[in-house]
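Observations on the three-dimensional arrangement
Residue strings, one per chain:
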Amino acid sequence: MAGTFVTLTEIEAARPVIAPHILRTPTVPSVSLSERMGLVVHLKLEHRQITGAFKLRGVLNALNRLSPDERRRGVVTASTGNHGRALAYAAGLQAMRSIICMSNLVPGNKVDEIRKLGAEIRIVGASQDDAQEEVDKIVAQDGLAMIPPFDSAAIVAGQGTIGLEIIEDVPDVETVLVPLSGGGLIAGIAAAIKGLKPRTRIIGISMQNGAAMAASLTAGHPVSVVEQQSLADSLGGGIGLNNRVTFGMVRELVDEIVLLSEEEIAAGIAHAYAHEREIIEGAAAVGIGALLAGKIRLQGPVVALLSGRNIDMEQHRRIVAGYHPGETVPCRA
Ligand SMILES: *Cc1c(COP(=O)(O)O)cnc(C)c1O
């Protein structure tokens, strides 16, 4: 399979394109995780990015590549929430029409935020694939430009700018922990970091409930998985059966994939709140969760990427109060 491969040069080119419109987020040492793990652990605080997740980076880079004609017609996408929110925001900056298609698995708080940004909303079906079908229809009928959530060279290059910042902030990093769903985030970060420092280990982390990339790597080609509810709702969805970019890059560049239970994800959210004073969503908590679960071979310094903070605050309150996912009684005193 001769897929598209994003290079360090493309990622470096994306940086000045997106810089005026994003926050350059900090990487900070975690005292509590460093003590617990016995090696230096840093957190890259990308959950503080504008729109509450890193997705704005890829979106801005992709919009920059549109022709004037495409800009006039507008943009459309399928999204589990954060990509749609970033696209709605970025399209708004440039006074462009945007339509965001979502399945009914996307949490209500995320849908509301996207609507507030002025995008048109379509809720269709019970999976990301159903939402994508609606996108294809809109592209065919109305000629809007599709901005994919991960499987695009422009998107991967935009997300890869996070890797450049990690190396600047922690030049001696040896292990980088990255949440993994469709793989746009980890493919970009891995290309940037391995381009600058080839021996750095890049570890992808997904939830056990429906880890499409992990299943696809095992199968040797993209496969679909049954979508399930998860605390890491931003990690849901397939990788696309006709995946062109991220599957090949992840296979080539990612050293290991780790899967977490719902309890382990909840523990990551609770730790971030109690010990780091950070509110993060489930998808962003998998790096901390994997460290706490003892699922990462320790080789430091470690950087864990916190990717987003768009969690329903009622759900967050229950988790930090010690409720297990799906239970109605506290699991610890
Ligand atoms: C989209 C997203 C991810 C996963 O990114 P992929 O490029 O699909 O692998 C992780 N965390 C958050 C918060 C996200 O919104």
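Within every chain, residues take consecutive numbers counted from 1 along the sequence as written. In view of the model being predicted, local features appear only for residues whose pLDDT reaches at least 70, and side-chain atom pairs are presented and counted only at 80 or more, with totals across whole chains, interfaces and linings using the full set of residues. Side-chain descriptors were evaluated using all non-hydrogen atoms of the structure, hydrogens and water having been removed beforehand.

Bringing the overall build of the protein chain into the picture now. To qualify as a helix, a DSSP run of H or I must reach at least 4 residues; to qualify as a strand, a run of E must reach at least 2; elements of each kind are numbered from the N terminus. For the protein chain, the count of helices and strands is 14 helices and ten strands. Radius of gyration: over C-alpha atoms. The globule rule applied is 2.2 Å multiplied by the number of residues raised to the 0.38 power. Taken over the C-alpha trace, the protein chain has a radius of gyration of 18 Å; the compact-globule value for 333 residues is 20 Å, and the two agree within 12%. Here the C-alpha coordinates of the protein chain stretch approximately 55 × 45 × 40 Å along the principal axes. The classification of residues rests on relative accessible area computed with a 1.4 Å probe and restricted to protein chains. Under 20% of the type maximum is buried, over 50% is exposed, and intermediate values are partly exposed. Each of the 333 residues in the protein chain was classed as buried or not, and the buried ones make up 57%.

Attention now moves to the side chain of Ser 79. Mapping Ser 79 onto the fold places it in the loop between strand S3 (75-78) and helix H5 (82-93). There is a polar contact of 2.8 Å between the side chain of Ser 79 and the backbone nitrogen of Gly 84. Residues are treated as being in contact if the distance between any of their heavy atoms lies within 4.5 Å. The residues touching Ser 79, leaving out its near neighbours within four places in the chain, are Gly 84, Ile 100, Cys 101, Met 102, Val 106 and Gln 128. Any N or O atom pair separated by 3.5 Å or less is treated as a polar contact, with the protein-specific requirement of one donor-capable and one acceptor-capable atom, and with residues adjacent in sequence counted only for side-chain atom pairs.

With that settled, consider helix H14 (residues 313-320). The residue sitting at the N-terminus of H14 and contributing the capping side-chain oxygen is Asp 312; that oxygen lies 3.2 Å from the backbone nitrogen of Glu 314. Backbone geometry just after H14 places Gly 322 at a positive phi near 95°.

Attention now goes to the site of the ligand. Here a residue is near a molecule or strand as soon as one of its heavy atoms is found within 4 Å of it. Around the ligand, a shell composed of 17 residues is seen, among which Lys 55, Asn 82, Gly 183, Leu 185 and Ser 307 lie nearest. In the model, an oxygen atom of the ligand is placed 2.8 Å from a nitrogen or oxygen of the Asn 82 side chain. For the ligand, an oxygen atom lies 2.9 Å from a polar atom in the backbone of Ser 181. When the ligand sits alone it has 380 Å² of accessible area, and the protein chains cover 98% of it. Three classes are used, and their members are as follows: Ala, Val, Leu, Ile, Met, Phe, Trp, Tyr, Cys and Pro are nonpolar, Asp, Glu, Lys and Arg are charged, and the others, Gly among them, are polar. For the shell around the ligand, the residue count by class is seven nonpolar, eight polar and two charged. Computed with a 1.4 Å probe, the accessible areas rest on the Shrake-Rupley method; for each residue, only the protein chains presented here act as cover.

Our focus in this paragraph is the sheet that holds strand S8 (residues 201-207). Two strands qualify as a pair provided that DSSP identifies no fewer than 2 bridges between them. If you trace the six strands from one edge of the open sheet to the other, you get S1-S2-S10-S7-S8-S9, paired in mixed fashion. Strand pairing shows two members of the sheet lacking a second neighbour, strand S1 (27-29) and strand S9 (256-260), which therefore form its edges. Ignoring which end each strand starts from, the neighbouring axes of this sheet average 25° apart. Two strands pair when backbone bridges link them, and strand S7 (residues 175-179) and S8 are joined in this way by five bridges, in the parallel orientation. As a rule, the C-alpha atoms of each element are fitted with a line to give its axis, helices using only the stretch in contact, and angles between N-to-C directions run from 0 to 180 degrees.

Most of strand S2 (residues 41-45) sits inside the fold, with five of its five residues counted as buried. Both faces of S2 are covered, namely the face carrying Val 41, Leu 43 and Leu 45 and the face carrying His 42 and Lys 44. Where S1 and S2 come together, three bridges link them in antiparallel fashion. Paired with Pro 29 across the two strands is His 42, which belongs to S2.

Opposite charge on two side chains permits them to pair, given that their charged atoms come into close proximity. Every case where a carboxyl oxygen of Asp or Glu lies within 4 Å of a side-chain nitrogen of Lys or Arg is listed as a salt bridge. This model, assessed by the stated rule, comprises 24 salt bridges. The partner of Asp 69 in a salt bridge is Arg 73, and the shortest N-O contact between them spans 3.0 Å. Of this pair, Asp 69 and Arg 73 both sit in helix H4 (residues 68-73), separated by four residues, roughly a single helical turn. Note on Arg 73: relative accessible area 35%, which makes it partly exposed. Residues Glu 314 and Arg 317 are paired through a salt bridge, measuring 2.8 Å at the closest nitrogen-oxygen approach. Residue Glu 314 and its partner Arg 317 are both found in helix H14; the two are separated by three residues, about one turn of the helix. With relative accessibility at 38%, the residue Glu 314 sits in the partly exposed group.

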